[in-house]
Amino acid sequence: MAHSPETPSFLAAVKRIEALTQEISRDGLSAFEKAEAAYTEVQELRAVLNARISKLRRRSE
């Protein structure tokens, strides 16, 4: 499946979510703004992944 250059691959998105999750856990509330930005990025990446999964499911029906 092709994706635009600014949209990460599925695996890259999953790895980025993991890295951001670790950052949020490590930094906690001491770096709230950074954690908030990371959480927002995680939400955006999850939305991209959910859309791709939905598209794959529709194709397999």
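Structure: see above.
Not measured: the values here are computed from a predicted model. (Residues numbered from 1 in each chain as written. Predicted model: local features only at pLDDT ≥ 70, side-chain atom pairs only at ≥ 80, totals over all residues. Heavy atoms only, no water.)

Asks: I keep staring at the overall build of the chain and nothing clicks. Help me out?
Replies: Scanning the chain from terminus to terminus reveals 2 helices and 0 strands. For the chain, contacts bridging at least 24 residues in sequence account for 66% of all contacts bridging at least 6. For the chain, the exposed surface amounts to about 4,800 Å²; the carbon and sulfur share of it is 55%. (Helix = DSSP H or I, 4+ residues; strand = E, 2+ residues; numbered from the N terminus. Contact = heavy atoms within 4.5 Å. Areas by Shrake-Rupley, 256 points an atom, 1.4 Å probe, with all protein chains shown as cover.)

Asks: Even after reading the chapter, I still don't get helix α2 (residues 32-60), so can you show me in this structure?
Replies: Since the α-helix packs 3.6 residues into each turn, any two residues three or four apart lie on the same face. Between its first and last C-alpha atoms α2 spans 42 Å; for 29 residues at 1.5 Å apiece the expected length is 42 Å, and the two agree. Listed in full, the buried residues belonging to α2 are Ala 35, Ala 38, Val 42, Leu 45, Leu 49 and Arg 52. Buried residues along α2 sit in contact with α1 (10-27). (Expected span 1.5 Å × (residues − 1). Buried < 20%, exposed > 50% of the residue type's maximum accessible area, 1.4 Å probe, protein only.)

Asks: When you look at the packing of α1 against α2 in this model, what are you seeing that I'm missing?
Replies: Axis angle and axis distance: for two packed helices, these are the angle between their axes and the distance between the axes, and together they describe the pair. At a closest axis distance of 9 Å, the pairing of α1 and α2 adopts a crossing angle of 155°. It follows that α1 is roughly antiparallel to α2 by the angle criterion. Pair α1 / α2 crosses with left-handed handedness. Across the interface between the two elements, Phe 10, Ala 13, Val 14, Arg 16, Ile 17, Leu 20, Glu 23, Ile 24 and Asp 27 of α1 pack against Lys 34, Ala 35, Ala 38, Tyr 39, Glu 41, Val 42, Leu 45, Arg 46, Leu 49, Arg 52 and Ile 53 of α2. Here the contact of α1 with α2 is composed, by residue class, of 13 nonpolar, no polar and 7 charged. (Axes fitted to C-alpha atoms, helices over the stretch in contact; angles between N-to-C directions. Parallel < 35°, antiparallel > 145°, perpendicular 65-115°, else oblique. Left-handed = near helix turned anticlockwise from the far one by under 90°. Nonpolar A, V, L, I, M, F, W, Y, C, P; charged D, E, K, R; others polar.)

Asks: Looking at this model, I keep getting lost on the pattern of salt bridges. Mind explaining?
Replies: If charged atoms from side chains of opposite charge come close, those side chains can pair. Considering all chains together, one arrives at 1 salt bridge under this definition. Notably, a salt bridge pairs Glu 41 with Arg 16, separated by 3.0 Å at the nearest N-O pair. Here Glu 41, found in helix α2, pairs with Arg 16, found in helix α1; they are 25 residues apart in sequence, far enough to count as distant. For Arg 16, a relative accessible area of 33% corresponds to the partly exposed category. (Salt bridge = Lys/Arg side-chain N within 4 Å of Asp/Glu carboxyl O.)

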